[in-house]
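# Survey of secondary and tertiary structure
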Amino acid sequence: MRPPASHHHPAPGAPRRPPRLLIVEDERRLAVSLARGLTAEGYAVDVVHDGHEGLRRASEGAYDLVLLDIMLPGLNGYRVCAALRAAGHAVPILMLTAKDGEYDEAEGLDTGADDYLTKPFSYVVLVARVKALLRRGEASGLRAVHVLGDLRVDTSARRVLLDGSEVALTAKEFAVLEELVLRAGQVVSKAEILEQVWDFAYEGDPNIVEVYVSALRRKLRPGLIRTVRGAGYRLEAGG
């Protein structure tokens, strides 16, 4: 896979130092191709080729994002991801796999991955996902725990408490709620949620956002997320 030519623009909203990415991928040609493309985008990129080394490097805590293949020698990606989360590392993880199927995606996200991309993937989509995860990581890193009335959202631990009781959310439900929480009291459009949670290249039904908002209303409280006709959704800042 050859990435398209880049104009060496740094990622939008990037800090002064370039964001550091770790690629854990045993397919060496793919790993080198990704590293070259992402370096040209303005990122600092390191590459390792097995699970044990990937876990060791990611555990050092110096990375802003980890691109993690699932089929790895040593430790597979699921186990690397689960070990990082169990040790309290909240670094965004984008899992890469040649497998396809909802079961694999559910397993990857249940171990704590933030997003999932199935090979072969578009390089443009990969960059969009990386940028979205870095933006989310920066925003949630400013204040990891958000308290809105009796709603408490911990973006690092990915936990939601309402009236002191934990609410179980799927990975996508949590991601939609997170976008609303980070802009509590403001109107967030469907298009913005789609771009942040699914990525700009999503070609499915945009009404998928309504499905997830409805699920959140059922699990949380009906009046918590308001629909602003023709504009989007607003999470009531008072909780």
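Looking up the protein in an unreviewed UniProt entry gives the name Response regulator transcription factor, with the organism given as Streptomyces tagetis.

For the rest of this paragraph, the subject is the nonpolar core. The biggest cluster of nonpolar side chains holds 25 residues, and the ones touching the most others in it are Leu 151, Val 160, Val 176, Leu 180, Ile 193 and Leu 220. The set of elements that each furnish at least two residues to this core consists of β7 (151-154), β8 (159-162), α6 (171-182), α7 (190-198), α8 (208-219) and β12 (232-235). Sorting elements by how many residues they give to this core places α6 first, with six residues. Apart from the residues within four sequence positions on either side, Val 160 is in contact with Leu 151, Arg 152, Val 153, Ser 165, Glu 166, Val 167, Leu 169, Phe 174, Leu 177 and Leu 220.

What follows deals with the UniProt feature "modified residue: 4-aspartylphosphate" (unreviewed entry) in the protein. In this structure's numbering, the residues bearing the UniProt feature "modified residue: 4-aspartylphosphate" (unreviewed entry) are Asp 69. Topologically, Asp 69 is positioned in strand β3 (residues 65-69). Given the relative accessible area of 3%, Asp 69 is considered buried.

For the rest of this paragraph, the subject is the pattern of salt bridges. Evaluation of the coordinates by the stated rule reveals 18 salt bridges. Between Glu 192 and Arg 183 there is a salt bridge; the shortest N-O distance is 3.3 Å. Among the residues examined, Glu 192 registers a relative accessible area of 32% and is labelled partly exposed. When the shortest N-O distance is used, the salt bridge between Glu 210 and Lys 190 registers 2.5 Å. Separated by 20 residues along the polypeptide, Glu 210 in helix α8 and Lys 190 in helix α7 bring together distant segments of the chain. Lys 190 gets classed as partly exposed once you look at its relative accessible area, which sits at 26%. Several salt bridges converge on common partners, so that one network encompasses Arg 20, Asp 46, Glu 53, Arg 56, Arg 57 and Glu 60.

Next up on the list: the environment of Leu 117. Tracing the sequence through the fold places Leu 117 in strand β5 (residues 115-118). Leu 117 sits in the buried class, given a relative accessible area of 6%. When the C-alpha atoms of Leu 117 and Leu 67 are compared, they prove to be 9.8 Å apart, with 50 residues separating the residues in sequence. Excluding residues that lie within four positions of it along the chain, Leu 117 makes contacts with Leu 94, Met 95, Leu 96, Thr 97, Val 125, Leu 126 and Arg 129.

Basis of the calculations
- Residues numbered from 1 in each chain as written.
- Predicted model: local features only at pLDDT ≥ 70, side-chain atom pairs only at ≥ 80, totals over all residues.
- Heavy atoms only, no water.
- Core = buried A, V, L, I, M, F, W, Y, C linked by side-chain atoms within 4.5 Å.
- Buried < 20%, exposed > 50% of the residue type's maximum accessible area, 1.4 Å probe, protein only.
- Helix = DSSP H or I, 4+ residues; strand = E, 2+ residues; numbered from the N terminus.
- Contact = heavy atoms within 4.5 Å.
- UniProt positions renumbered as here; feature names shortened; annotations may be inferred.
- Salt bridge = Lys/Arg side-chain N within 4 Å of Asp/Glu carboxyl O.

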